[in-house]
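Letter by letter, the chains look like this.
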Amino acid sequence: MTKRATKRPEKFEKPDHWNSEPPPKPKKGQVDEDLSPTRYGDWVKDGIAIDF
């Protein structure tokens, strides 16, 4: 079994987008009844019912 590396190489530079801050909390979604699949049991878009 190959041992797993536990340390980063000496020349490793952390990318700018890595940070220690937690991710932002998700925003509450909006309910759009015109596109709701529970409206008629189908998706309705531009007046056309789309059933998968």
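Each value, and the rule that gives it
- Residues numbered from 1 in each chain as written.
- Predicted model: local features only at pLDDT ≥ 70, side-chain atom pairs only at ≥ 80, totals over all residues.
- Heavy atoms only, no water.
- UniProt positions renumbered as here; feature names shortened; annotations may be inferred.
- Helix = DSSP H or I, 4+ residues; strand = E, 2+ residues; numbered from the N terminus.
- Buried < 20%, exposed > 50% of the residue type's maximum accessible area, 1.4 Å probe, protein only.
- Areas by Shrake-Rupley, 256 points an atom, 1.4 Å probe, with all protein chains shown as cover.

The name given to the chain in an unreviewed UniProt entry is DUF1674 domain-containing protein, and the organism recorded there is Qipengyuania psychrotolerans. In its Sequence similarities (unreviewed entry) section, the UniProt entry covering the chain states "Belongs to the SDHAF4 family."

The secondary structure content of the chain amounts to zero helices and two strands. Put simply, the chain has 52 residues, and 4% of those count as buried. For the chain, the exposed surface amounts to about 6200 Å²; the carbon and sulfur share of it is 53%.

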